[in-house]
Amino acid sequence: MMPMTPPVSRPHAVRLVVSDIDGTLITPARELTPAAHKAAADLRAAGIRLSLISSRAPRGMMQFVRALDIREPIAGLNGGLICAPDGTIRERLSLEPVVAQRAVEFLIDHGVEPWLFIGHDWLVRRDDTPQVAHEREVVQTTPVRVDDFAGHYVNVGKIMGVSTNPETLPGVERDLANMLGGKASVHQSSPIYLDITHPQANKGYAAKELGKLLDIDIRDTACIGDMNNDIPMLKEAGVSIAMGNALDNVKAHARFVTRPNTDDGWAYAMENFVLPRP
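Small disclaimer: the values here were computed from a predicted structure and weren't measured. (Residues numbered from 1 in each chain as written. Predicted model: local features only at pLDDT ≥ 70, side-chain atom pairs only at ≥ 80, totals over all residues. Heavy atoms only, no water.)

Observations regarding the overall build of the protein
Definition in use: Counting from the N terminus, the helices are the DSSP runs of H or I reaching at least four residues and the strands are the DSSP runs of E reaching at least two. Atoms counted for the radius of gyration: C-alpha only. Globule rule: 2.2 Å times the number of residues to the power 0.38. For the exposure calls, accessible area comes from a 1.4 Å probe over protein chains only, and a residue counts as buried if that area is under 20% of its type's maximum, exposed if over 50%, partly exposed in between. Whether two residues are in contact is decided by their heavy atoms: any pair within 4.5 Å suffices. Each accessible area is a Shrake-Rupley result for a 1.4 Å probe, and residues are judged covered by the shown protein chains and nothing else. Residues counted as positive are Lys and Arg, residues counted as negative are Asp and Glu, and His and the chain ends are not counted. To locate a charge, take atom NZ for lysine, CZ for arginine, CG for aspartate or CD for glutamate.
Regarding its fold elements, the protein presents 10 helices and 14 strands. The globule rule puts the C-alpha radius of gyration for 278 residues at 19 Å, and the 18 Å found for the protein is close to it. Overall size of the protein, expressed as C-alpha extent along the three principal axes, is 60 × 35 × 35 Å. Taking all 278 residues of the protein together, the buried fraction comes to 58%. For the protein, long-range pairs separated by at least 24 residues make up 61% of all intrachain contacts whose partners lie at least 6 apart in sequence. Accessible surface, the protein: about 11600 Å² in total, of which carbon and sulfur atoms supply 50%. The centroid of the 29 positive side-chain charges in the protein is displaced by 5 Å from the centroid of its 34 negative side-chain charges.

A few points about the sheet that holds strand β9 (residues 156-162)
Here is the rule we go by: Two strands pair if DSSP finds at least two bridges between them. Orientation is described by lines fitted to C-alpha atoms, with helices fitted over the stretch in contact, and by angles between N-to-C directions that extend from 0 to 180 degrees.
A sheet is described by the order of its strands in space; here six strands give the open sequence β8-β7-β6-β9-β11-β10, paired in mixed fashion. Every other strand in the sheet has two partners, leaving β8 (144-145) and β10 (185-190) as the edge strands with one partner each. Judged from the six bridges that link them, strand β6 (residues 113-118) and β9 form a sheet pairing that is antiparallel. Among the inter-strand pairings, E113 is bridged to a residue of β9, identified as V162. Contacts from helix α4 (residues 97-109) reach β6, β9 and β11 (193-197), with the element oriented near 5° to β9. Against the sheet, helix α6 (residues 169-180) contacts β10 and β11, and its axis sits at roughly 165° relative to β10.

Description of the pattern of salt bridges
We count it as follows: Salt bridges are defined by distance alone: a side-chain nitrogen of Lys or Arg within 4 Å of a carboxyl oxygen of Asp or Glu.
What the rule picks out here adds up to 15 salt bridges. Residue K203 is joined to D230 by a salt bridge in which the shortest nitrogen-to-oxygen separation is 2.7 Å. One end of the pair, K203, is in helix α7 (residues 203-213); the other, D230, is in the loop between β12 (221-225) and α8 (231-236), and 27 residues separate them in sequence. When sorted by exposure, K203 lands in the same class as D230, which is buried. Shared partners join several salt bridges into a network, and the residues in it are D20, K203 and D230.

A word on the environment of H37
With respect to the element layout, H37 can be found in helix α2 (residues 34-45). Distance in space between the C-alpha atoms of H37 and A67 is 8.4 Å, their sequence separation being 30 residues. With residues near it in sequence (within four places) discarded, H37 still touches L32, A67 and L68.

Section: the domain arrangement of the protein
The following threshold applies: As used throughout, domain bounds are those supplied by an automatic or database domain assignment. Simply put, the buried area is the total loss of 1.4 Å probe accessible area from both parts when two parts are fitted together.
Considered domain by domain, the protein is made up of domain 1 (16-92 + 202-274) and domain 2 (97-197). A straight line from the C-alpha centre of domain 1 to that of domain 2 covers 23 Å. When domain 1 packs against domain 2, close to 1800 Å² is buried across both sides, 53% of that on carbon and sulfur atoms. Contact with domain 2 buries surface across domain 1, with R30, R59 and L77 losing the most and accounting together for 31% of the total. Our count for the domain 1 to domain 2 interface comes out at one salt bridge. Across the pair R30 and E137 runs a salt bridge, and its minimum N-O distance is 3.4 Å.

Looking at the nonpolar core
Defined as follows: The definition of a nonpolar core used throughout is a set of buried Ala, Val, Leu, Ile, Met, Phe, Trp, Tyr and Cys residues joined through side-chain atoms within 4.5 Å.
Counting residues in each nonpolar core, the largest one holds 46 residues, and the members touching the most others are V17, L43, L52, W115, W266, M270 and V274. For this core, the element with the highest residue contribution is helix α10 (residues 265-274), accounting for seven residues. When residues are assigned to domains, this core turns out to be shared by domain 1 (16-92 + 202-274) and domain 2 (97-197), each giving three or more. With near-sequence residues (within four places) excluded, W266 lies in contact with S19, T24, L25, A36, A39, A40, L43, L50, I224 and M243.

Considering the sheet that holds β12
With parallel pairing, five strands are arranged side by side in an open sheet as β2-β1-β12-β13-β14. Two strands in the sheet have a free side with no partner beyond their single neighbour: β2 (49-52) and β14 (256-257). Relative to β2, strand β1 (residues 16-19) runs parallel, the two sharing four bridges. Pairing of L16 across the sheet is with R49, part of β2.

Now the structure itself:
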């Protein structure tokens, strides 16, 4: 499958790549391909830094940080938690406790199960659901079960709303965002997941913060992703890349569209849209 956007000259030499993980860097089977490993090595050889950004908590990102030998800071919880590559927290943005409580109550009222992320901890009301079992396997993290979330609304970096009815989630996203106004950032991160974070905790903010930590301007940064929560960083990036499997509205915010993650789209993007060509 050929890319939808041909390689063209870039206005800025890329010094930093900020990459989403799920649906972007890894395959649907959650694997790094040999081509992805090679592209990451090629970035390092060219002096281009590589950072990861995800709706995952940082603990769930570490397997890929280790696999690619990433030495740059990373951003989890859609930018709500910025960490050193060893997991040490460098910066955090948390929801106001009253906002967190209102969001949780709204989700429950609309049949969407909330999970809370506080620092490196993942809190759930039930730990025996298929969704929790799936997430535990994906992020290699064990949740903390609590009877309810009362008393746990301080320092919440992210609320994840988990739906068993994907058709209704866009409406919940819209209505919750309207209800909270500017008090939170509300973005769908997958067909069944809705992320609620601090209003500044989006991937656009995080991409700029990661660049500041490395003394790299956002204009010299390439960002790549596939879902609605990636749009804020695509809007900011000097080089914006959407995956071939991305939603159409995500592609509309990207300068380049690469192959899908079933066809080494991440590696293709690095080789054709980021790395310098002879």
